[in-house]
Amino acid sequence: KCSECGEILVEQTEIEKLAHTEEVIPGKAATCTEAGLTEGKKCSVCGEVLVEQTEIEALGHTEEVIPGKAATCEEKGLTEGKKCSECGEILVAQTEIPALGHKEEVLAGKAATCTEKGLTEGKKCSTCGEILVAQTEIAAKGHNYVDGKCTVCAGDDPNYKPEEPEQPEQPSL
């Protein structure tokens, strides 16, 4: 067209509109804690969104129990805990339980006799049964015979032969 008078010198012709050139907008999977997005599409030439992305709700945690362990006399234990079976995030932390320690129980001793062995006093744990102080054997004392009787147990000496008192001589008649 003429810039002075405005007369059209060459008529315009309409050019067909080009089709959009699709480009994929990648989606993002939802996690336990974060929302995701569906896949979308846009035109790589003009930028127009052809398919809107939509939000995918966060999945939430799937709880899994982490078993606890009882404390023993000598070993620490743990409380039960929880974690997400999908992502491994700890939801309830385990806490340490201190070792219980041994509970002493006295093992009574037994005195040795003249003929039987004895035992010293010992100690064991009443919870787990572990021997804390071992009992040791005491040898039998053996008899101590004096004049046919044992001075320890008052038993008779089986080998004792009393001496026969001397008989005064009888006068001959």
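Just so you know, these numbers come straight off a predicted model, no measurement behind them. (Residues numbered from 1 in each chain as written. Predicted model: local features only at pLDDT ≥ 70, side-chain atom pairs only at ≥ 80, totals over all residues. Heavy atoms only, no water.)

K.L.:
Please set out the side chain of aspartate 157 residue by residue, giving values where relevant.
P.N.:
Inspection of the secondary structure assignment puts aspartate 157 in the segment after strand E17 (149-150). Buried within the structure, aspartate 157 lacks any salt-bridge partner; its nearest side chain of opposite charge belongs to lysine 161, at an N-O separation of 10.0 Å. Not counting residues up to four positions away in its chain, the partners in contact with aspartate 157 are Tyr145 and Gly148. (Helix = DSSP H or I, 4+ residues; strand = E, 2+ residues; numbered from the N terminus. Buried < 20%, exposed > 50% of the residue type's maximum accessible area, 1.4 Å probe, protein only. Lys, Arg positive; Asp, Glu negative; His and termini not counted. Salt bridge = Lys/Arg side-chain N within 4 Å of Asp/Glu carboxyl O. Contact = heavy atoms within 4.5 Å.)

K.L.:
Give a detailed account of the pattern of salt bridges, specifying residues and quantitative values.
P.N.:
Counted by the stated rule, this structure contains 9 salt bridges. The shortest N-O distance in the salt bridge between lysine 82 and glutamate 63 comes to 3.4 Å. Of the two residues, lysine 82 is situated in strand E8 (residues 81-84) and glutamate 63 in strand E6 (residues 63-66); the sequence distance between them amounts to 19 residues. Lysine 82 gets classed as partly exposed once you look at its relative accessible area, which sits at 27%. Owing to a relative accessible area of 54%, glutamate 63 belongs among the exposed residues under this scheme. For the salt bridge of glutamate 75 with lysine 69, the shortest nitrogen-to-oxygen distance reads 3.2 Å. Judged by its relative accessible area of 40%, lysine 69 is partly exposed.

K.L.:
I'd like to hear about the sheet that holds strand E3 (residues 40-43), residue by residue, with values.
P.N.:
On the basis of which strands lie adjacent, the open sheet formed by 3 strands has the order E1-E3-E4 and antiparallel pairing. In this open sheet, the two edge strands, each paired with only one partner strand, are strand E1 (22-25) and strand E4 (49-51). Direction aside, neighbouring strands of the sheet carry axes that sit 35 degrees apart on average. Relative to E4, E3 runs antiparallel, the two sharing 2 bridges. Looking at the pairing, lysine 41 lines up with valine 51 of E4. (Pairing = 2+ DSSP bridges. Axes fitted to C-alpha atoms, helices over the stretch in contact; angles between N-to-C directions.)

K.L.:
Give a description of the sheet that holds strand E11 (residues 104-107) that names residues and reports values.
P.N.:
Strand order in the open sheet formed by 3 strands is E11-E13-E14, and the pairing between neighbours is antiparallel. On the outer flanks of this sheet lie E11 and strand E14 (131-133), each paired with one strand and no other. Strand-to-strand twist in this sheet, taken as the mean axis angle between neighbours without regard to direction, amounts to 35 degrees. In this structure, strand E13 (residues 122-125) lies alongside E14, joined through 2 bridges in antiparallel fashion. Bridge pairing links lysine 124 to isoleucine 131 in E14.

K.L.:
Kindly report on the environment of valine 49, identifying the contributing residues and their values.
P.N.:
The residue valine 49 is located in strand E4 in this model. You can call valine 49 partly exposed: its relative accessible area is 41%. Spatially, the C-alpha atoms of valine 49 and tyrosine 145 are 118 Å apart, while their sequence positions differ by 96 residues. Sequence-distant contacts of valine 49, defined by excluding residues within four places in its chain, comprise Lys41 and Lys42.

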